[in-house]
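One letter stands for each residue in the lines below.
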Amino acid sequence: MKIPYLQISNSYSNYKAVPAVILLMSVLVLSVVSGVLAAFGNVILLIALLGLYGSVFVIAAPTTWTVWIIFIMVFLISGPSAYFIRFTQLQWFTVLVSAALILPLILHILHSRRNILYSSTSKDLILPAFFLLLVIFSTIIDRPQFADFVNASRHYFLMWPLMLIFMFGLIPEKVVEQIWKALLVVAVVQFPMALYQYIFVSQKSTRLSPFDAVVGTFPGNISGGGDSAGMAILLLITILLTIALWREKKIYGRWAILIISTGIGTLALAEVKLPVMLLPIAIGLYYRKEILRRPVESITIVIAVIVIMSGILLMYEKLHYGGGSADAFSANRPPPTIYEHISRALDPESESVELGQKGRVSLLINWWDMNVKSGDIQHSLFGYGMGSTHTSKLGVGELASRIPYQINTTTTIILLWETGILGHLVFFLILLLGARTSELAAKHEAIPDIHRILLRVGAVGLIILIFMLPYKNVHLYSNPTQFLMMFMLGQAAYWSIFIKKLNLKVAH
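What you see is a predicted model, and the numbers here were worked out from it, not measured in a lab. (Residues numbered from 1 in each chain as written. Predicted model: local features only at pLDDT ≥ 70, side-chain atom pairs only at ≥ 80, totals over all residues. Heavy atoms only, no water.)

Student: Pulling in residues and values, what's your account of the layout of surface pockets?
Tutor: Its volume calculated, the second largest pocket comes out at about 370 Å³. As for the second largest pocket, its lining consists of 18 residues, and the residues nearest its centre are K123, D124, L433, G434 and T437. Of all elements in the fold, only α6 (122-140), α19 (411-441) and α22 (479-507) reach the threshold of two or more residues within the lining of the second largest pocket. At seven residues, α19 tops the list of elements feeding residues into the lining of the second largest pocket. Residue composition of the lining of the second largest pocket, grouped by class: 12 nonpolar, three polar and three charged. (1 Å grid on protein atoms, 1.4 Å probe; cavity = no way out; pocket = protein on both sides within 12 Å on 5 of 7 lines; lining within 4 Å. Points joined across faces, edges and corners; volume = space filled by probe spheres on them. Helix = DSSP H or I, 4+ residues; strand = E, 2+ residues; numbered from the N terminus. Nonpolar A, V, L, I, M, F, W, Y, C, P; charged D, E, K, R; others polar.)

See the structure below:
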């Protein structure tokens, strides 16, 4: 005797199995295709393969899964794989999966029948859209090369869908909170990795600046430098977040001590002068309004942070500058004090013949002389196009092939050369207005307390990224920093939209 319910249930189970069968068949087809492409050994074909895998995964998996995969890849896997075995292609996989997030975003917008061009949301997209259009325009008007476009696409375009995913609420608020907590775990993990790199890599290195090898789980090269600045930015933000959560009794004291102590220890092992100097500024920005309400407590905290900052900088003299290795901007013996190291970095005449580098100030002066001072209006305003300062296996940019020294060492210099004054100004405004939006949203009482804390931390984090513009190129070249930047911008935009919707309901 057949029971109708069981027939229906079995039929439904078979129906549910169809997507799994399709996914399995797709994996088999992709495996065959990947074998064929891998046989050619072509980097472009490999990138296309990674993009294909990423698109299939993003379509098949929930959006939250995809974001967690990107998180784990950028903060824990792609860095060590590049550092120890020089497998850098995973960075392409990460950004291509991020780009593929545009697919669930489009489906979400179509499903919700939201016209973003005519909604209040469109105002939050004006500056990012204008920046990307400027990048495209700057490239088109100055002899674009296909290699330049491929090189720079992951720097300029492919992470923005991640911001939109957070902005449009495809990631639940609870998951956003979990990502912030996961960042605290990532910050703790940096210490044992940095300790290993300091003892077993930098101490045995004969490079001019062996301390650059301490990068934690961030991208780098075991025989060269790496993304120590990106790691330091994460540590600054997580230390601030820990203090904020601890003061609001959202985290246990023992966990706060662990996170802060390991963060400070990692900053001491890695030579990152400016991020360390930004530590008291970050704390001061976050608690600036409490100084008058709680002057004794607030001033005590700021003084303690300044003492910690000074201690870390003094430790650099013992840990990094006492070994006799040459400074990054001088062929001579390094200066014996941290003060002289900082002065050397700001000296317009400083340069390193061995590394083919000029100091940050020198690079800025050279850009001014070759563009603005010479009367080149087009390149002053719009630059030479995306990828023109970059060199990779795919090709060499126009400027990288013409100028005998490295010019893509800071985001400010890259943006000025590639997108001109206008591109740099718009990028600066994106970070500045993102910080303002995050700060304003944090004041709204309808937002849960924990998210108001996260918004205030995000606002300070975006300000830190502004300070880092003339210091390092992490905004464009560091996948972890790009994830963090898009995460904070998306968080600010999401709650800004939430407040606008709330105000409309109250008005009606």
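Resuming the write-up.
Student: An account of the side chain of S81 is needed here, citing residue identities and associated values.
Tutor: Within the fold, S81 resides in helix α3 (residues 63-85). Owing to a relative accessible area of 10%, S81 belongs among the buried residues under this scheme. (Buried < 20%, exposed > 50% of the residue type's maximum accessible area, 1.4 Å probe, protein only.)

Student: Can you tell me about the environment of Y316, naming the residues and giving the values?
Tutor: Turning to its location among the elements, Y316 is positioned in helix α14 (residues 295-319). In this structure Y316 comes out as buried when scored by relative accessible area, which is 0%. Sequence spacing of Y316 and A270 is 46 residues, and the spatial spacing of their C-alpha atoms is 8.5 Å. One polar contact links the side chain of Y316 to the main-chain carbonyl oxygen of L267, over a distance of 2.6 Å. (Polar contact = N/O pair within 3.5 Å; in protein donor to acceptor, adjacent residues only side chain to side chain.)

Student: Outline the packing of helix α10 (residues 228-247) against helix α13 (residues 279-286), listing residues and values.
Tutor: In a packed pair of helices, the relevant descriptors are the angle between the two axes and the axis-to-axis distance. Axis separation between α10 and α13 bottoms out at 10 Å; the angle between their running directions is 40°. Here α10 is positioned oblique relative to α13, judged by the angle of their axes. By crossing handedness, the relation of α10 to α13 is classed as right-handed. Taken together, the residues of α13 that come into contact with α10 (itself represented by L236, I239, L240, I243 and A244) are L279, A282, I283 and Y286. (Axes fitted to C-alpha atoms, helices over the stretch in contact; angles between N-to-C directions. Parallel < 35°, antiparallel > 145°, perpendicular 65-115°, else oblique. Left-handed = near helix turned anticlockwise from the far one by under 90°. Contact = heavy atoms within 4.5 Å.)

Student: How would you sum up helix α7 (residues 146-156)? Please name residues and give values.
Tutor: Among the 11 residues in α7, eight count as buried, and that is most of the element. Within α7, the full set of buried residues consists of D148, V150, N151, A152, S153, R154, H155 and Y156.

Student: Describe the side chain of H390, listing the residues and the values that go with them.
Tutor: Among the structural elements, H390 can be located in the loop between α17 (377-382) and β3 (391-392). Only 3.5 Å separates the side chain of H390 from the side chain of Y477, close enough to count as a polar contact. If we skip the residues at most four places from it in the chain, H390 touches N151, H155, G395, V396, G397, A400, N408, E418 and Y477.

Student: Describe the environment of V460, with residues and values.
Tutor: Locating V460 in the fold gives a position in helix α20 (residues 449-467). In this structure V460 comes out as buried when scored by relative accessible area, which is 4%. Considered as a pair, V460 and A435 are 25 residues apart in the sequence and their alpha carbons are 6.9 Å apart.

Student: Requested: an account of the packing of aromatic side chains, with residues and values cited.
Tutor: The tally for this structure, following the rule as stated, stands at 20 aromatic pairs. Taken together, a centroid distance of 4.9 Å and an interplanar angle of 50° make the contact between F71 and F75 tilted. Pair noted here: F71 and F75 are both in helix α3, with a separation of four residues, about one helical turn. In this pair, the class of F71 matches that of F75, namely buried. (Phe/Tyr/Trp six-rings, centres within 6.5 Å; stacked < 30°, edge-to-face > 60°.)

Interpretation note: all reported values are geometric properties and have no functional meaning in isolation.
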